[in-house]
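So the chains spell out like this:
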Amino acid sequence: FYPDGKDIYAYEALMRPKNILVMDLIEEFRAKNDLHTLEVATIFGAVQCYAKRGYHSYIAINSFPAESFTAEEQAVFDEFYADVLGDKGIIEILEYTALDIDKWQSKRNSINRSRFNIALDDFGKGYSSLNYLSNLPVDVIKVDKSLVKNIVTSPKQLLILKSIIEMAEINNMKVVVEGIEEEEEQKKVASFGVDY
């Protein structure tokens, strides 16, 4: 949502398989060295649903940092979905796997061709850290909800969150703060000039 808490900025496409937990599914495909299949299925499936529902806001799609479309997959994606999305796509780099710079370059080229923005998901958790910011051209930082917890009562948590927002602003990045559940949290975060 935008800071007003009413207008939708983006829909987030989440992987929610039946009869298995998401992390178990990811681990199953990682063990088979086949995260690529999940990557392709997630992005194609999410954009297909977005198109069918007639959304016009942004769509944010989870993505593994070291996986990218093949040239053939990119061509098919462009043929079916480039006009549907325009520049309304956001690829969220997940924190579950480490960054491979060589594979990232290929992924970045694919993202650029699709005119997607790049978001760093769950910033402050797992592999998603300041190290990523030095290696990735990030448009959006999605602050993990663990960094929002206790911001109303903890000056330390509040300072950490405020510092992340200021750092992002200096570097021309937008900030999404996740996990806001109370009106007081929303007012506090909005007062920092957070984007979403």
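In the block above lies the structure referred to throughout.
Residues numbered from 1 in each chain as written. Predicted model: local features only at pLDDT ≥ 70, side-chain atom pairs only at ≥ 80, totals over all residues. Heavy atoms only, no water.

**Re helix 2 (residues 35-53)**
Working step 1: Relative to the 27 Å expected for 19 residues at 1.5 Å per residue, helix 2 spans 27 Å between its end C-alpha atoms, a close match to the ideal helical length.
Working step 2: All of the buried residues along helix 2 are L35, L38, E39, V40, T42, I43, F44, A46, V47 and Y50.
Working step 3: Looking at the residues trailing helix 2, positive phi occurs at G54, about 70°. (Helix = DSSP H or I, 4+ residues; strand = E, 2+ residues; numbered from the N terminus. Expected span 1.5 Å × (residues − 1). Buried < 20%, exposed > 50% of the residue type's maximum accessible area, 1.4 Å probe, protein only.)

**Some details on unusual backbone geometry**
Working step 1: In this structure, N19 is a non-glycine residue whose phi angle is positive, near 65°.
Working step 2: With respect to the secondary-structure elements, N19 resides in the loop between strand 1 (10-13) and helix 1 (22-31).
Working step 3: For N19, a relative accessible area of 84% corresponds to the exposed category.

**Let's talk about the packing of aromatic side chains**
Working step 1: Applying the stated criterion across every chain, the model contains 13 aromatic pairs.
Working step 2: Between Y9 and Y196, the ring centres sit 3.5 Å apart and the planes meet at 10°, which makes this aromatic pair stacked. A residue pair is termed long-range when its members are at least 10 positions apart, and Y9 in the segment before strand 1 and Y196 in the segment after helix 7 (183-191) qualify at 187 residues. The residues Y9 and Y196 share a single accessibility class, namely buried.
Working step 3: Both rings, one in F44 and one in F69, keep their centres 5.5 Å apart while their planes meet at 40°; by these two values the pair is tilted. (Phe/Tyr/Trp six-rings, centres within 6.5 Å; stacked < 30°, edge-to-face > 60°.)

**A closer look at the nonpolar core**
Working step 1: In terms of nonpolar packing, the biggest core is built from 38 residues, with I61, F77 and V177 touching the most fellow members.
Working step 2: In this structure I61 touches A13, T42, I43, A46, V47, I90, I91, E92 and F116, once residues within four positions along its chain are discounted. (Core = buried A, V, L, I, M, F, W, Y, C linked by side-chain atoms within 4.5 Å. Contact = heavy atoms within 4.5 Å.)

**Comments concerning the side chain of S63**
Working step 1: Residue position: S63 is located in strand 2 (residues 58-63).
Working step 2: Overall, the relative accessible area of 1% leaves S63 in the buried class.
Working step 3: Contact partners of S63, with chain neighbours within four places excluded, come to E39, I43, I91, E92, I93, L94 and K107.

**Section: the sheet that holds strand 2**
Working step 1: Strands sit in the order 1-2-3-4-5-6 across an open sheet of 6 strands; the sheet is parallel. Across the chains shown, the open sheet's two edge strands, defined by having one partner strand only, are strand 1 and strand 6 (174-177). Going from strand to strand, the sheet's axes swing by 25° on average, the running direction of each strand aside. (Pairing = 2+ DSSP bridges. Axes fitted to C-alpha atoms, helices over the stretch in contact; angles between N-to-C directions.)

**As for the pattern of salt bridges**
Working step 1: Considering all chains together, one arrives at 7 salt bridges under this definition.
Working step 2: The residue K142 makes a salt bridge to D121 at a minimum N-O spacing of 3.9 Å. You can see K142 sitting in strand 5 (residues 140-143) and its partner D121 sitting in strand 4 (residues 117-123), a full 21 residues away along the chain.
Working step 3: Taking the relative accessible area as the measure of exposure, D121 reaches 3% and is therefore buried.
Working step 4: Where K174 meets D195, a salt bridge forms, and the shortest distance between an N and an O atom there is 3.9 Å. Here the residue K174 occupies a position in strand 6, and D195 occupies one in the segment after helix 7, the gap between them amounting to 21 residues.
Working step 5: One network of salt bridges, in which partners are shared, links E12, E92, D121, K142 and E178. (Salt bridge = Lys/Arg side-chain N within 4 Å of Asp/Glu carboxyl O.)

**Some remarks on the packing of helix 1 against helix 2**
Working step 1: Two elements in contact, helix 1 and helix 2, have axes separated by 7 Å at closest approach and are oriented at 130°. Relative to helix 2, the element helix 1 is oriented oblique. Each of L25, I26, F29 and R30 in helix 1 lies in contact with helix 2, whose residues at this interface are L35, T37 and L38.
Working step 2: For the contact of helix 1 with helix 2, a count of residues per class yields 5 nonpolar, 1 polar and 1 charged. (Parallel < 35°, antiparallel > 145°, perpendicular 65-115°, else oblique. Nonpolar A, V, L, I, M, F, W, Y, C, P; charged D, E, K, R; others polar.)

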